[in-house]
Amino acid sequence: MTFGIAGPASAAPDKTALKAQEGSSALLRGRYDLAVTAYDEALREAGLPAARQATILSDRGVAKWRMKQLEDAAADFTKAVSLNPDYALAWNNRGNVFLEMNRPEDAFRDFDRAVALSPDFGAAYANRANASQKLNHQDAAEKDFRKAIELMPASSIPLNGCGRIAAGSGRLYTGLRYLNRAIALNAQFAPAYQNRAAIYAALKRNDEAAQDLDKVIALAPDNAALYVARGQAHAKERRFAQAFRDFTKAVEIAPDNVPALIGRASQNLERKRADLALEDLNHAISLDANAAEAWFWRGQAKYGTGDTDGADADLSKAIELAPAHADAYRFRGSYRERGGRRDEAIADYRRALELDPLNRDLRDGYKAASGETADAVVKPLAPAVDGWEVFRSSGGHYTALNERYPKLPVILETQGDAPAEILEWTPLKETLAGIGLLRYRSGEKGALPHEYVAIIDLSRAQVAGIEPYITGEAKSKWAWTQYGVTVTDTDGLSSTYDLRKPRQEMPQAARRDENPWTTVFGGGGGGNGGARRGGSGIFGWLFR
């Protein structure tokens with residue numbers, strides 16, 4: 001959301017100009033009440049030209065908006081555009097007020113007018129994108145954010161917007177690229193840290209999520225949702241003491257915050273305090289009877305107190321509210337198995353596997369209960385390529401898995417609805433040994449083919465990044481060094497990966513007179529004889 005105030009008048013100083021300048025100075029200092037008073041006095045001058053009145057009214061509207069006087073602010077902007085219909089800044093400012101008043105259709109029309117009047121007004125494009133998002137017009141929003149990036153390359157705001165849209169559509173690594181750039185431009189831009197933390201959490205990079213949330217909480221220490229998010233990251237890494245503190249802090253800030261109550265209850269269960277957990281969960285359900293997570297955790301709490309029937313009923317309620325809740329099926333199956341209800345347990349395990357096909361606990365539980373392997377339930381979408389198979393979760397995400405690397409599921413970024421298809425697996429050599437490149441086709445969007453490459457660090461069991469390779473007829477640029485790579489996508493966004501620490505230089509006499517790229521990358525040799533499908537290896541496709 002970007003507002004604007006006009007600059008000082010260029011005419012010779014007079015009472016109106018002096019008061020307007022006084023108002024602008026107060027506005028920039030955050031003394032909005034003084035700004036309004038000064039603008040009031042400036043507007044009392046008789047005979048002010050309409051355009052001058054419009055400028056002062058727009059600036060006064062910004063001051064009133066800052067004081068949350070939204071109706072009065074909108075009235076000032078409305079009068080400004082009635083006096084000067086070509087005043088793009090006032091249309092933009094009124095659009096932002098309408099957004100805050102939850103009137104996205106009106107906001108969109110105002111931003112649209114601002115863009116029509118001033119086609120190079122980058123902030124208006126970014127604001128129109130925000131309105132489009134509110135209206136669930138994601139493609140239009142992304143287009144506007146991209147235009148704003150073109151017009152305002154040094155601004156973090158549209159980069160953050162593109163990152164948010166990409167993440168919302170499941171393109172997590174694209175989102176990371178935009179957000180990393182936004183943070184590089186403005187290390188204090190809290191929204192980008194918060195959005196990046198959400199992506200890290202989705203990728204199960206919980207330490208990085210917690211670090212980003214540390215920064216945001218330092219800037220907004222009274223935001224309960226931030227403590228909940230950080231508590232969840234700590235809990236997933238089994239840092240239970242930190243998680244409990246965060247959830248407790250969130251409850252102190254907002255006693256009726258349902259996610260905070262559920263989070264604290266989950267930690268009380270870890271602390272063997274089912275009684276305290278039940279108190280929080282009962283309260284959460286009283287606040288929101290449709291909170292599936294509250295029923296899920298209350299089922300576990302009841303089982304811990306010996307109330308097996310109550311546990312089964314609560315887990316069943318969680319499934320009713322969230323039919324894709326794999327963990328609810330898993331826990332209900334486990335409890336039913338312990339209660340001798342074997343057939344029902346197997347059915348629950350089977351459904352949980354269909355929803356979460358890569359969960360090791362589920363695979364083991366299903367095999368122990370049924371005697372069958374998980375492969376009887378979950379099938380890859382295509383034959384393996386060098387051991388890599390693609391599975392689809394109930395949420396529509398595609399994940400690549402290789403039994404040689406059981407701790408390294410790769411969440412694939414895709415375009416469109418077509419399944420992801422593995423094309424080539426290339427382990428690198430010499431200075432980049434332990435790095436592998438997984439190239440895959442990711443479906444189509446707008447009739448354009450897309451291919452991506454996952455950069456995988458096998459030694460750390462981590463995906464360093466997923467980068468575009470082909471978008472339609474265009475190819476991204478991959479600039480390799482001995483220890484890393486810089487990828488520039490077709491939109492001009494660059495990401496640098498320092499994959500290995502440089503080794504100490506060899507003495508001059510020990511060097512060999514050869515092209516390092518032919519030994520590190522040449523031939524594209526992959527595991528089991530190299531690439532089997534889709535090209536001639538890394539030298540053939542990364543250096544065109």
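In this text the structure is predicted, and so the values were computed from the model without any measurement. (Residues numbered from 1 in each chain as written. Predicted model: local features only at pLDDT ≥ 70, side-chain atom pairs only at ≥ 80, totals over all residues. Heavy atoms only, no water.)

1. Details of the overall build of the protein
Counting its secondary structure elements, the protein contains 23 helices and 11 strands. The 544 residues of the protein split such that 49% are buried. Of the roughly 25600 Å² that the protein leaves accessible, carbon and sulfur atoms contribute 49%. (Helix = DSSP H or I, 4+ residues; strand = E, 2+ residues; numbered from the N terminus. Buried < 20%, exposed > 50% of the residue type's maximum accessible area, 1.4 Å probe, protein only. Areas by Shrake-Rupley, 256 points an atom, 1.4 Å probe, with all protein chains shown as cover.)

2. Focus: the pairing of strand E11 (residues 494–498)
Here E11 shows one buried face, formed by Ser495 and Tyr497, and one open face, formed by Ser494, Thr496 and Asp498. Both strand E10 (residues 484–488) and E11 contribute to a ladder of 5 bridges, which runs antiparallel. Within E11, the position partnered with Val487 by the bridge is Ser495. (Pairing = 2+ DSSP bridges.)

3. Some words on the pattern of salt bridges
Taken as a whole and assessed by the stated rule, the structure comprises 43 salt bridges. Close ionic contact of Arg298 with Asp314 constitutes a salt bridge, the shortest N to O distance being 2.7 Å. One end of the pair, Arg298, is in helix H17 (residues 292–304); the other, Asp314, is in helix H18 (residues 308–321), and 16 residues separate them in sequence. A relative accessible area of 12% places Arg298 in the buried class. In this structure, Arg341 and Asp312 form a salt bridge, with 3.5 Å as the shortest nitrogen-oxygen distance. (Salt bridge = Lys/Arg side-chain N within 4 Å of Asp/Glu carboxyl O.)

4. Some details on the sheet that holds strand E3 (residues 410–412)
Strand pairing within a sheet occurs via backbone hydrogen bonds; the two strands may be parallel or antiparallel. If you trace the 3 strands from one edge of the open sheet to the other, you get E1-E2-E3, paired in antiparallel fashion. The two strands at the open ends of the sheet, each matched to only one other strand, are strand E1 (388–392) and E3. Across the sheet, the axes of successive neighbouring strands diverge by a mean angle of 35°, strand direction being ignored. (Axes fitted to C-alpha atoms, helices over the stretch in contact; angles between N-to-C directions.)

5. What about the sheet that holds E10?
Overall, antiparallel pairing links the 3 strands, which are arranged E9-E10-E11 in an open sheet. Since the sheet does not close on itself, it has two edges, and those belong to strand E9 (477–480) and E11, each with one partner. Each neighbouring strand pair of the sheet contributes to a mean axis angle of 15°, computed without reference to strand direction. By the bridge criterion, 4 bridges tie E9 to E10 in an arrangement that is antiparallel. Pairing of Trp480 across the sheet is with Val485, part of E10.

6. What to know about the packing of aromatic side chains
Scanning all chains against the criterion turns up 9 aromatic pairs. With 6.2 Å between their ring centres and 65° between their planes, Phe331 and Tyr335 make a pair best called edge-to-face. With a gap of 4 residues between them, Phe331 and Tyr335 both fall in helix H19 (residues 326–338), about one helical turn apart. Accessibility expressed as a relative area gives 21% for Phe331, which makes it partly exposed. Each member of the aromatic cluster is reached from another via a ring pair, and the members are Phe296, Trp297, Tyr303, Phe331 and Tyr335. Between the NZ or CZ atom of Lys68 and the centre of the ring of Trp65, over which it lies, the distance is 5.7 Å. Between the NZ or CZ atom of Arg271 and the centre of the ring of Phe244, over which it lies, the distance is 3.9 Å. (Phe/Tyr/Trp six-rings, centres within 6.5 Å; stacked < 30°, edge-to-face > 60°. Lys NZ or Arg CZ within 6 Å of the ring centre and 35° of its normal.)

7. Details of the pairing of E9
Every second residue of E9 is oriented toward a common face, the buried set being Trp478 and Trp480 and the non-buried set Lys477 and Ala479. Taken together, E9 and the strand that follows it, E10, pair antiparallel across an intervening segment of 3 residues.

8. A look at the environment of Asp76
With respect to the helices, strands and loops of the structure, Asp76 is situated in helix H4 (residues 70–83). Expressed as a C-alpha distance, the spacing of Asp76 and Asp59, which sit 17 residues apart in the sequence, is 8.7 Å. Those residues in contact with Asp76, other than ones at most four positions away along the chain, are Leu57, Arg60, Gly61 and Lys64. (Contact = heavy atoms within 4.5 Å.)

9. Focus on unusual backbone geometry
Despite not being glycine, Asn136 has its phi angle at roughly 65°, a positive value. Here Asn136 shows up in the loop between helix H7 (122–134) and helix H8 (138–151). Given a relative accessible area of 58%, Asn136 falls into the exposed group.

10. Describing the confidence of the model for the protein
Across the protein, the average pLDDT comes to 88, with 89% of residues at 70 or higher. Counting interchain partners and residues more than four positions distant, the pLDDT-below-50 stretch residues 506–544 has 77 contacts. (pLDDT = per-residue confidence, 0-100.)

11. Let's talk about helix H11 (residues 190–202)
Because each turn of an α-helix spans 3.6 residues, side chains separated by three or four positions end up pointing in the same direction. Taking 1.5 Å per residue, 13 residues should reach 18 Å; H11 reaches 19 Å between its end C-alpha atoms and fits that length. Every buried residue of H11 is listed here: Ala190, Ala192, Tyr193, Asn195, Arg196, Ala197, Ile199 and Tyr200. Structurally, H11 contributes buried residues whose contacts are with helix H9 (156–168), helix H10 (172–185) and helix H12 (206–219). (Expected span 1.5 Å × (residues − 1).)

12. Overview of the environment of Pro119
Inspection of the secondary structure assignment puts Pro119 in the loop between helix H6 (104–117) and H7. The exposure class assigned to Pro119 is partly exposed, which follows from its relative accessible area of 47%. Between the C-alpha atom of Pro119 and that of Ala88, which follows or precedes it by 31 residues, the distance is 9.8 Å. Setting aside its immediate chain neighbours within four residues, Pro119 contacts Tyr125 and Leu151.

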